[in-house]
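In case you want the letters, here they are:
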Amino acid sequence: MKTLTLRRPDDWHLHLRDGAILQGVIGDTSRHFARAIIMPNLVPPVVTTTDARAYRDRIIAALPNGDRFEPLMTLYLTEHTDPDDVEEGKKSGLITAVKLYPAGATTNSHGGVRDLDKAMPVLERMAKIGLPLCVHGEVTTPDVDIFDREAVFIETVLDPLRKRLPELKITMEHVTTADGIDYIKSSKGNLAGSITTHHLIINRNAILVGGIRPHYYCLPVAKRENHRLALRAAAISGDARFFLGTDSAPHVDPLKECACGCAGIYTSVNTMSCLAHVFEEENALDKLEAFTSLNGPVWYGLKPNEETITLEKRDEPANFPPKRETGAGPITVFDPMFPLHWQVVEK
Ligand SMILES: [Zn+2]
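Analysis parameters
- Residues numbered from 1 in each chain as written.
- Predicted model: local features only at pLDDT ≥ 70, side-chain atom pairs only at ≥ 80, totals over all residues.
- Heavy atoms only, no water.
- Helix = DSSP H or I, 4+ residues; strand = E, 2+ residues; numbered from the N terminus.
- Rg over C-alpha atoms; globule rule 2.2 N^0.38 Å.
- Buried < 20%, exposed > 50% of the residue type's maximum accessible area, 1.4 Å probe, protein only.
- Contact = heavy atoms within 4.5 Å.
- Areas by Shrake-Rupley, 256 points an atom, 1.4 Å probe, with all protein chains shown as cover.
- Lys, Arg positive; Asp, Glu negative; His and termini not counted.
- Charge placed at Lys NZ, Arg CZ, Asp CG, Glu CD.
- Pairing = 2+ DSSP bridges.
- Right-handed = clockwise from strand over helix to strand, strands pointing away.
- Salt bridge = Lys/Arg side-chain N within 4 Å of Asp/Glu carboxyl O.
- Axes fitted to C-alpha atoms, helices over the stretch in contact; angles between N-to-C directions.
- Polar contact = N/O pair within 3.5 Å; in protein donor to acceptor, adjacent residues only side chain to side chain.
- Expected span 1.5 Å × (residues − 1).
- Arc of directions from axis to C-beta.
- Donors = N, O, S within 2.8 Å, 3.2 Å for Na, K, Ca; no water.
- Phe/Tyr/Trp six-rings, centres within 6.5 Å; stacked < 30°, edge-to-face > 60°.
- Lys NZ or Arg CZ within 6 Å of the ring centre and 35° of its normal.

A. Local environment of the overall build of the protein chain. A count of helices and strands for the protein chain gives 11 helices and 13 strands. For a compact globule of 347 residues, the expected C-alpha radius of gyration is about 20 Å, and the protein chain comes in at 19 Å, within 12% of that figure. In terms of overall dimensions, the protein chain has a C-alpha envelope of 55 × 45 × 40 Å along the principal axes. Split into buried and exposed, the 347 residues of the protein chain put 58% on the buried side. Put simply, 75% of the contacts in the protein chain that link residues at least 6 apart link residues at least 24 apart. Of the roughly 14,200 Å² of accessible surface on the protein chain, 52% is carried by carbon and sulfur atoms. Both charge centroids of the protein chain, one from 39 positive and one from 46 negative side chains, sit 2 Å from each other.

B. Local environment of the pairing of strand S8 (residues 191-195). The buried count for S8 comes to 5 of 5 residues, which makes it a mostly enclosed element. Residues Leu191, Gly193 and Ile195 point to one face of S8 and Ala192 and Ser194 to the other, with burial holding for every one of them. Pairing of strand S7 (residues 170-172) with S8, which is carried by 3 bridges, proceeds in the parallel orientation. Note on S8: the bridge partner recorded for Thr171 is Ala192. Read from S7 through helix H6 (residues 178-186) to S8, the crossover connection turns out right-handed. Where S8 meets strand S9 (residues 242-244), 3 bridges bridge the pair, whose relative direction is parallel. In the sheet register, Ser194 faces S9, and the bridge partner there is Phe243.

C. Structural view of the side chain of Glu150. Checked against the element boundaries, Glu150 lands in helix H5 (residues 149-164). Here Glu150 occupies a buried position and makes no salt bridge, while the nearest side chain of opposite charge, Lys223, is found at 4.8 Å. Setting aside residues no more than four positions away along its own chain, Glu150 makes contact with Gly137, Glu138, Met172, His174, Val175, Thr176, Thr177, Gly180 and Pro220.

D. Seen up close, the sheet that holds S8. Sheet architecture is open: 8 strands sit in the order S2-S3-S4-S5-S6-S7-S8-S9, paired in parallel fashion. Two strands bound the open sheet, and with one partner strand each, they are strand S2 (10-14) and S9. Sheet twist, expressed as the average angle between the axes of neighbouring strands with direction ignored, equals 30 degrees. Examined bridge by bridge, strand S3 (residues 35-38) and strand S4 (residues 70-76) share 4 bridges and lie parallel to one another. By the bridge assignment, Ala36 is partnered in S4 with Pro71.

E. Spatial organisation of the environment of Pro160. Position of Pro160 among the secondary structure elements: in helix H5. When the C-alpha positions of Pro160 and His32 are compared, they lie 38 Å apart, and in sequence the two are 128 residues distant. Residues in contact with Pro160, not counting those within four places in the same chain, are Ile154 and Glu155.

F. Region of the structure containing the side chain of Thr271. Inspection of the secondary structure puts Thr271 in helix H10 (residues 271-281). At 3.2 Å, the side chain of Thr271 and the side chain of Thr197 are in polar contact. Setting aside residues up to four positions removed in sequence, Thr271 forms contacts with Phe33, Thr197, Leu244 and Thr246.

G. Representation of helix H2 (residues 49-62) in the model. Taking 1.5 Å of rise per residue, 14 residues should cover 20 Å, and H2 covers 20 Å from first to last C-alpha, within 8% of that figure. Every buried residue belonging to H2 is among Thr49, Ala52, Tyr55, Ile59 and Ala62, and all of these are buried. Buried residues in H2, looked at end-on, bunch into an arc of 140 degrees, giving them a common side. Along H2, exposed side chains directed more than 90 degrees from the buried face belong to Thr50 and Ala61. In the core, the buried residues of H2 are packed alongside helix H1 (19-30), S3, S4, helix H3 (83-91) and strand S5 (95-100).

H. Representation of the coordination of the zinc ion. With distances of 2.1 to 2.2 Å, the protein atoms coordinating the zinc ion are His13 (NE2), His15 (NE2) and Asp247 (OD). All donors of the zinc ion come from a single chain, and their spacing in sequence reads H-x1-H-x231-D. Separated by 234 residues along the polypeptide, His13 in strand S2 and Asp247 in the loop between S9 and helix H9 (253-256) bring together distant segments of the chain. Relative accessible area serves as the criterion here: at 1%, His13 is assigned to the buried category.

I. Region of the structure containing helix H4 (residues 120-129). Those residues of H4 that sit buried are Met120, Val122, Leu123, Met126 and Ala127. For H4, the arc enclosing every buried residue in end-on projection is 160 degrees, short of the 170-degree limit, so these residues lie on one face. Among the structural elements, H3, S5, strand S6 (133-135) and H5 are those in contact with the buried residues of H4. Two residues or fewer past H4, Gly130 is found with a positive phi of approximately 75 degrees.

J. Seen up close, the packing of aromatic side chains. Tallying each qualifying case throughout the model produces 6 aromatic pairs. Look at Trp12 and Tyr300: their rings are 5.0 Å apart centre to centre, the planes differ by 10 degrees, and that puts the pair in the stacked class. You can see Trp12 sitting in strand S2 and its partner Tyr300 sitting in helix H11 (residues 288-300), a full 288 residues away along the chain. Given a relative accessible area of 0%, Trp12 falls into the buried group. Within the aromatic cluster, the residues linked to one another by ring pairs are Trp12, Phe243 and Tyr300. The lysine or arginine in question, Lys169, covers the ring of Trp299, its NZ or CZ lying 4.4 Å from the ring centre.

Written out as structure tokens, the structure is:
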């Protein structure tokens, strides 16, 4: 039997929600991952250090007994964010990054930033104290095609911001295009990118061919095949600027399976199995640890985890539950559309 032992992975972009969903999904992350950057797009969003501390406490309280897991908290950037509060959050060790959502870009982002000029005092302070900005890299202008929104964001928002404030560390989250990969590779520093599990596996056909499939719909939306291949090449390259951020984003099924379904794919359950499959397919199992466990900590100035996990390739494919049942309703688990033979050995 083939086995693979890695340092315990981290997830550099995760949605845990709150209440009954948090309770129902947290174990799927804490089972395998040591840490995760927690997205702040709750209702209402996590905008102050006080909000983040309270949310962190709720996450810790929801952890299954005995699981060791560290939530790395983020603040939701608004046009009114107080630079002093952000600095205090970093100094206290609570805040790992601040998240920029262009207003309207994804789930619960209507309170996001409309005018970046108004957020400049906070961004300048972050550059000074070395606190990274995580960006949802899509413009929301109605006249820009949804498949072009990442490329247009790079040109009209990200590149000008980086020229204006080169000292600011920026994580371009969930990169979905070859344009994004090329932009990160061509940068001279202070820019890295996270890549999701599902964007390495699906292209836009998964959503649209043979009927509309809401459980493959997420934002940024999956793009053409050439983009998926560019993401794969970056993920397996070992290049320290690319690391895993699953963007696992649970919504209960009734909110996905309706006339205006929510964006988000729930991958926490089987992410490590999916990634081992992808990296083996690319003949790059030796690069998986860099992607899941080494590159992210270096970028965020943290130590890699000392603990390890082991994956085994079994003859019988894994039987992941098709849905995660929660107190708020069922959440469909990502189906990669191929059998998963790699499985994490549960301790
Ligand atoms: Zn997200």
